[in-house]
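# Remarks on the overall topology
Chain by chain, the residues run as shown.
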Amino acid sequence: MFNLPSPLETAMLIEEVGGHFNESMLNPVVDAGQYSVKEKQAMNLGVYGADLGYCLIYNQSQKAFTLLATTKKLGTELGISPALYKGLINRFEGNMENKDSLLIFVSELNRLSDEYLKENESEDLIAMIFYGGWVESPYFVSELSKSLDNAKLRARVGEQKNTLENLIGLVTQQNVDGRFDDILASLNDLKASFAKVNATYSYFEPETKPDQKLTIIKSKSSVELDDALMEEISNKITPLRNSIITTSAS
Amino acid sequence: MRNLILICFLSLASFGVKAQCEIKADVCQNHITGEYLSDGQHYRALLLSDQVAEFNATLYGGTTYRLAGCSGTQDGNLQFRVFDSERNLIFKNNDFQNAPHWDFQIESTLDVIIEAELDPIAGASGCAVMLMGFRR
């Protein structure tokens, strides 16, 4: 099984390093009906989910609410129970000024959607949701890196090396009939670029504090990628992301 | 020798075990308390007593993660272990009475492998659920 980090984690990092909110990076809100194929709906549910988290991090709750409505349309098209959204939207409306609560609601919605789709044996759609959500995070970081040279942001791109492999594993599991061949070809092309990332890792003994039910992991890692490699990765991420968000009306 | 299975969603469907692995994550979810945000994923698998489920994850530096593992309706039925990518053992919950959740404070980003199996005392088979939350 493969875990992919929540897009919220990268959105938090972007805010932490001083990146300003940039609405132009978001997938424009369109009529969800323009994504007519299930796989495309799922990919864009992932994209909008990442965008929604990004808006919340920057206290753009009104914008986030609009995106939530779009994710509801896409989610229900995919068979996710409207009841799941109804309760959340009510809670969202009642807590528009409370960023922490909104983040909890949205991350909980994502988990419940994941659970719902798994119970309904729609793991192929889950893979596409994660594909869309994953692409959005390095897209944000690479766009921001054009105007903000920050070591943590650069490292976050390099740290996607293993996450990309997990994503490829997840999509490959669902590619039983070859319908994700094109996506896998693009991801493997991206993987070839990530293979150039110089990653180091040194194990250090962790420290466990039983009274706090806590283990501090002290191992050290680093990733290095130069400007040329950043640009190479960015030049592959952007068209990938654009191909996801393109509508049938485009 | 134990069977190592890579839990995959397909395996659940293809072996027709869906109906036997439909427990809700509520038992586990109680451990992802308010200060943690869910990673948005719900990991589950039907395990036999000699099977080990495994999943790969990346944990980012500067973040604290909470891992919760459950099987059945009571805490303490699931054993889980965390290894780094070189298979150095970082943590195992059966050192702590099968603690149903544990926090991991990450100083530097690392890739981990998480293994889960039923406590033999808990029965010959069961549905394992794992959840992950994070905070910065």
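Structure shown above.
Summarised in this report is the structure supplied together with it. Since the structure is predicted, the reported quantities are computational estimates derived from the model, not experimental observations. (Residues numbered from 1 in each chain as written. Chains lettered and ligands numbered in written order. Predicted model: local features only at pLDDT ≥ 70, side-chain atom pairs only at ≥ 80, totals over all residues. Heavy atoms only, no water.)

A word on the overall build of chain B. A tally of regular secondary structure across chain B gives 2 helices and 10 strands. Order of helices (α) and strands (β) in chain B, N terminus to C terminus: β-α-α-β-β-β-β-β-β-β-β-β. In chain B, which comprises 136 residues, the share counted as buried stands at 60%. The long-range fraction of contacts in chain B, counting pairs at least 24 apart against all pairs at least 6 apart in sequence, stands at 82%. Entry remark: accessible area of chain B is about 5300 Å², with carbon and sulfur atoms responsible for 50%. (Helix = DSSP H or I, 4+ residues; strand = E, 2+ residues; numbered from the N terminus. Buried < 20%, exposed > 50% of the residue type's maximum accessible area, 1.4 Å probe, protein only. Contact = heavy atoms within 4.5 Å. Areas by Shrake-Rupley, 256 points an atom, 1.4 Å probe, with all protein chains shown as cover.)

Moving on: the environment of A:Ile104. Residue placement: A:Ile104 occurs in helix 5 (residues 99-119). When the C-alpha atoms of A:Ile104 and A:Lys191 are compared, they prove to be 32 Å apart, with 87 residues separating the residues in sequence. Apart from the residues lying within four places of it in its own chain, the contact partners of A:Ile104 are B:Gly34 and B:Leu37.

Throughout the structure, instances matching the rule amount to 25 salt bridges over all chains. Across the pair B:Glu107 and A:Lys220 runs a salt bridge, and its minimum N-O distance is 3.3 Å. Taken together, the residues span two chains, with B:Glu107 in the loop between strand 8 (101-106) and strand 9 (110-118) and A:Lys220 in strand 4 (residues 220-224). The salt bridge involving B:Arg87 is made with B:Glu54; its shortest N-O contact spans 2.9 Å. Of this pair, B:Arg87 sits in the loop between strand 6 (78-84) and strand 7 (89-92) while B:Glu54 sits in strand 4 (residues 51-59), placing them 33 residues apart in sequence. Classification of B:Arg87 as partly exposed rests on a relative accessible area of 38%. Residues joined in a network through salt bridges with shared partners are B:Glu54, B:Arg81, B:Arg87, B:Glu115 and B:Glu117. (Salt bridge = Lys/Arg side-chain N within 4 Å of Asp/Glu carboxyl O.)

At the interface, 51 residues of chain A touch 51 residues of chain B. Of all residues in chain A, A:Met1, A:Lys213 and A:Ile217 give up the largest surface area on contact with chain B, accounting jointly for 18% of the area buried on that side. In this assembly, chain A and chain B are joined by 2 salt bridges. Across the contact surface, chain A and chain B share 26 residue pairs in polar contact (both at pLDDT 80 or more). Looking at the side of chain A that touches chain B, the elements with two or more residues in it are helix 1 (7-16), helix 5, helix 6 (123-145), helix 8 (160-173), strand 2 (207-209), strand 3 (214-217) and strand 4 of chain A. When residues in the side of chain A that touches chain B are grouped by element, the largest group, 10 residues, is from helix 5 of chain A. (Buried area = accessible area lost by both parts, 1.4 Å probe. Polar contact = N/O pair within 3.5 Å; in protein donor to acceptor, adjacent residues only side chain to side chain.)

This next bit is on the environment of A:Lys213. Residue and element names in this part refer to chain A. Mapped onto the elements, Lys213 comes out in the loop between strand 2 and strand 3. Residue class for Lys213 comes out partly exposed when judged on its relative accessible area of 32%. As for Lys213 and Ile126, which are separated by 87 residues in sequence, their C-alpha atoms are 32 Å apart.

Below, the discussion takes up the packing of aromatic side chains. The final tally for this structure, using the stated rule, is 12 aromatic pairs over all chains. The interplanar angle of 45 degrees and the centroid separation of 6.1 Å between the aromatic rings of B:Phe80 and B:Phe91 together place this pair among those described as tilted. Within this pair, whereas B:Phe80 is found in strand 6, its partner B:Phe91 is found in strand 7, the two being separated by 11 residues in sequence. Given the relative accessible area of 0%, B:Phe80 is considered buried. Aromatic pair B:Phe91 and B:Phe96: ring centres 5.8 Å apart, planes at 5 degrees, arrangement stacked. By relative accessible area, which is 3% here, B:Phe91 ends up buried. A relative accessible area of 21% means that B:Phe96 is categorised as partly exposed. Taken together, the ring pairs connect A:Phe21, A:Tyr54, A:Tyr58, A:Tyr139 and A:Phe140 into an aromatic cluster. Over the ring of B:Tyr60 we find A:Arg156, and its NZ or CZ is 3.5 Å from the ring centre. One cation-aromatic arrangement involves B:Arg87 over B:Phe83; the distance from NZ or CZ to the ring centre is 5.0 Å. (Phe/Tyr/Trp six-rings, centres within 6.5 Å; stacked < 30°, edge-to-face > 60°. Lys NZ or Arg CZ within 6 Å of the ring centre and 35° of its normal.)

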